[in-house]
Amino acid sequence: MFSDRATKLVPPVLAKMAAWCACLILVGIVVTYGIQLIARFSFVALPVAIALLLTALLFPLTRSLRQAGMRPIYATWLTMLAAVAVLAGTGWLVGARATEEFPNLVEQVQETARTVQNWLITGPLHLKEAQLTAYVDEIAAMVNAQRSAITSTVLTAGAVAFEVLASIVLMLFIMFFLLKDGERIWSWFLKGFGSMSPRVDRAGRAAWTTLSHYVQGTVAVAAVHGVIMGIVLAGMGVPLWAPLAVLIFFASFIPIVGIFFAGTVATLVTLGAKDSPIYALIFLGILIVEQQLENHVLQPLIVGRALNFHPLAIIVVLALGGILAGIAGAAVAVPVAACIYRALPELRHDPPALPPPAPPPTPAPEPPASAPASSTDTPTTDNPTTNTDKA
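Residues numbered from 1 in each chain as written. Predicted model: local features only at pLDDT ≥ 70, side-chain atom pairs only at ≥ 80, totals over all residues. Heavy atoms only, no water.

**Things to note about the overall build of the protein**
Consideration 1: Assigned secondary structure in the protein consists of 13 helices and zero strands.
Consideration 2: Counting from the amino terminus, the protein carries its helices and strands in the arrangement α-α-α-α-α-α-α-α-α-α-α-α-α.
Consideration 3: For the protein, the residues scored as buried account for 24% of the 391 residues in total.
Consideration 4: Taking the intrachain contacts of the protein between residues at least 6 apart in sequence as the baseline, contacts between residues at least 24 apart amount to 70%.
Consideration 5: When the accessible area of the protein is evaluated, it comes to approximately 26,900 Å², of which 73% is carbon and sulfur surface. (Helix = DSSP H or I, 4+ residues; strand = E, 2+ residues; numbered from the N terminus. Buried < 20%, exposed > 50% of the residue type's maximum accessible area, 1.4 Å probe, protein only. Contact = heavy atoms within 4.5 Å. Areas by Shrake-Rupley, 256 points an atom, 1.4 Å probe, with all protein chains shown as cover.)

Written out as structure tokens, the structure is:
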């Protein structure tokens, strides 16, 4: 690579560092342009990513139906209908509870605001009513100042809703064909790698196994988390406990950051719905204890075996994913990093050695050939007339 004179002028360590830096620069350029390309086609990339996650979650059901003797097309349709039924049931429950309890929540929040206002005036702070009125007027002025931004957001809501609907349709199509023809699609994909196809096959299967374990384990942990917090909120008599439980469930898919956001929302709703802040403090304490049990018991047992990531690595990956792609990037950053971490060793390693071929079987000894009969033992029939004459 370098001439003899150049290698004599440059120390070997510096030459190796230069080679490594050149490789890292090239890799960085490729990764940067790849990320920009994905961001450019985010309308397609995001549904594909969500479809892969949902396929990893639902494929065990499809596989079980196939093993039971059902045709692939029927197993796929039944899996899709079961998933849609679960989502529709959850949405109906959340919508019904929200419609029923939201007016009550507004009344309770107003009552709590009046109680807090009276405490600020008559309590140890001894604030004046004029000061509180000024604070309220400032908040109202801020809202009015942002009225134009809110109006423009409402006007663009129709376009956003159309894009979301189109993304959902595309995601369903991709998920359907992945569930139905996943093996055939993977076999077709491997044909483009030629002699590298065994390595790519092993790497892809390792990544898929990691992704499946991560998604299934995360769903199980999030379900436990949402059910426990929903029971706690319902036991306290907090309105909108069902929507808050669903929010906690979905927020659990974003490690660390998601539960902080959902817990803050649930705590504020509890504080506004109850006259005493003790309920909010009790809920916050239960949330912290349950989160610690989840991090130290459920996550290591269910998800930790698939990832084996240090918490510092998870935080760094979440930060990078959030910077590059916002909330969606933070949601998929950890499974993507885990899949890459599991797939790279399979790309580097040689395929396992095949067992030595079995030795050919030893042929059985042939039986000895019988000796030919002599001419004196057998009568000659060359001249039958001679024997007749002798007789």
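Having seen the model, we can carry on.
**Quick look at the pattern of salt bridges**
Consideration 1: Throughout the structure, instances matching the rule amount to five salt bridges.
Consideration 2: Asp181 serves as the salt-bridge partner of Lys180, at 3.3 Å between the closest nitrogen and oxygen.
Consideration 3: Overall, the relative accessible area of 22% leaves Lys180 in the partly exposed class.
Consideration 4: For the salt bridge of Glu183 with Arg205, the shortest nitrogen-to-oxygen distance reads 3.6 Å. Of this pair, Glu183 sits in helix 7 (residues 157-190) while Arg205 sits in helix 8 (residues 197-236), and the two are 22 residues apart along the sequence.
Consideration 5: Salt bridges linked by common partners bring Lys180, Asp181 and Arg184 together as one network. (Salt bridge = Lys/Arg side-chain N within 4 Å of Asp/Glu carboxyl O.)

**What to know about the layout of surface pockets**
Consideration 1: Its volume calculated, the largest pocket comes out at about 2,100 Å³.
Consideration 2: Along the walls of the largest pocket sit 47 residues, with Ala49, Leu52, Leu211, Val336 and Cys339 positioned nearest its centre.
Consideration 3: If you list the elements that add at least two residues to the lining of the largest pocket, you get helix 2 (12-40), helix 3 (42-67), helix 7, helix 8 and helix 12 (311-348).
Consideration 4: Sorting elements by how many residues they give to the lining of the largest pocket places helix 12 first, with 17 residues.
Consideration 5: In terms of residue class, the lining of the largest pocket is made up of 36 nonpolar, eight polar and three charged.
Consideration 6: Volume-wise, the second largest pocket comes out at about 1,500 Å³.
Consideration 7: Lining the second largest pocket are 49 residues, with Leu54, Leu87, Phe249, Phe250 and Phe253 positioned closest to its centre.
Consideration 8: Listing elements by their share of the lining of the second largest pocket, those giving two or more residues are helix 3, helix 4 (72-122), helix 7, helix 8, helix 9 (241-251), helix 10 (257-273) and helix 12.
Consideration 9: Sort the elements by how many residues they give to the lining of the second largest pocket and helix 8 lands first, with ten residues.
Consideration 10: The residue inventory of the lining of the second largest pocket, partitioned by class, reads 42 nonpolar, seven polar and no charged. (1 Å grid on protein atoms, 1.4 Å probe; cavity = no way out; pocket = protein on both sides within 12 Å on 5 of 7 lines; lining within 4 Å. Points joined across faces, edges and corners; volume = space filled by probe spheres on them. Nonpolar A, V, L, I, M, F, W, Y, C, P; charged D, E, K, R; others polar.)

**What about the environment of Leu178?**
Consideration 1: Mapping Leu178 onto the fold places it in helix 7.
Consideration 2: Under the relative-accessibility criterion, Leu178 is labelled partly exposed at 21%.
Consideration 3: Put simply, Leu178 and Thr76 are 102 residues apart on the chain and 9.3 Å apart in space, counted from C-alpha to C-alpha.
Consideration 4: Leave out the neighbours within four places in its chain, and Leu178 touches Ala51, Leu52, Thr55 and Ile185.

**Points about the packing of aromatic side chains**
Consideration 1: Counted according to the given criterion, the structure contains five aromatic pairs.
Consideration 2: On the basis of an interplanar angle of 25° and a centroid distance of 5.5 Å, the ring pair of Trp186 and Phe189 is categorised as stacked. Note that Trp186 and Phe189 are positioned in helix 7 at a spacing of three residues, about one turn of the helix.
Consideration 3: On the accessibility criterion, Trp186 (22% relative accessible area) is partly exposed.
Consideration 4: Taken together, a centroid distance of 5.2 Å and an interplanar angle of 65° make the contact between Phe189 and Phe193 edge-to-face.
Consideration 5: Residue classification places Phe189 among the partly exposed positions, given a relative accessible area of 39%. (Phe/Tyr/Trp six-rings, centres within 6.5 Å; stacked < 30°, edge-to-face > 60°.)

**So, the packing of helix 9 against helix 10**
The relative placement of two packed helices comes down to the angle between their axes together with the axis-to-axis distance.
Consideration 1: Put simply, helix 9 and helix 10 touch, their axes get as near as 8 Å, and they point 165° apart. Viewed along their axes, helix 9 and helix 10 adopt a mutual orientation that is roughly antiparallel. As for how helix 9 packs across helix 10, the hand of that crossing is left-handed. In this structure, helix 9 contributes Leu244, Leu247, Ile248 and Ala251 to the contact, and helix 10 contributes Gly258, Ile259, Phe261, Ala262, Val265, Ala266 and Val269.
Consideration 2: In terms of residue class, the contact of helix 9 with helix 10 is built from ten nonpolar, one polar and no charged. (Axes fitted to C-alpha atoms, helices over the stretch in contact; angles between N-to-C directions. Parallel < 35°, antiparallel > 145°, perpendicular 65-115°, else oblique. Left-handed = near helix turned anticlockwise from the far one by under 90°.)

**Remarks on the state of the cysteines**
Consideration 1: Going through the model one piece at a time under the given rule, you end up with zero disulfides.
Consideration 2: The thiol of Cys21 is unpaired, and the distance to the nearest cysteine sulfur, on Cys23, comes to 9.3 Å. (Disulfide = S-S within 2.5 Å.)

**What to know about the nonpolar core**
Consideration 1: Within the largest apolar cluster, 17 residues are counted, with the highest numbers of intra-cluster contacts made by Leu211, Val215, Val317, Leu318 and Val334.
Consideration 2: The set of elements that each furnish at least two residues to this core consists of helix 8 and helix 12.
Consideration 3: With nine residues, helix 12 is the largest single contributor of residues to this core.
Consideration 4: The residues contacting Val317, other than those within four sequence positions of it, are Ala333, Val334 and Ala337.
Consideration 5: Core analysis: the second largest hydrophobic core is formed by 14 residues, Leu233, Ile248, Ala251 and Ala262 among them. (Core = buried A, V, L, I, M, F, W, Y, C linked by side-chain atoms within 4.5 Å.)

**A look at a nonpolar patch on the surface**
Consideration 1: Together, Leu9, Val10, Val13, Leu14 and Met17 make up a nonpolar patch on the protein surface, roughly 490 Å² of accessible area in all.
Consideration 2: No other element matches helix 2, which puts three residues into the nonpolar patch.
Consideration 3: Inspection of the secondary structure assignment puts Leu9 in helix 1 (residues 4-9). (Patch = residues over 30% accessible without salt bridge, like charges linked within 9 Å, V, L, I, M, F, W, Y side chains within 5 Å.)

Just geometry here; none of it tells us what the structure is for.
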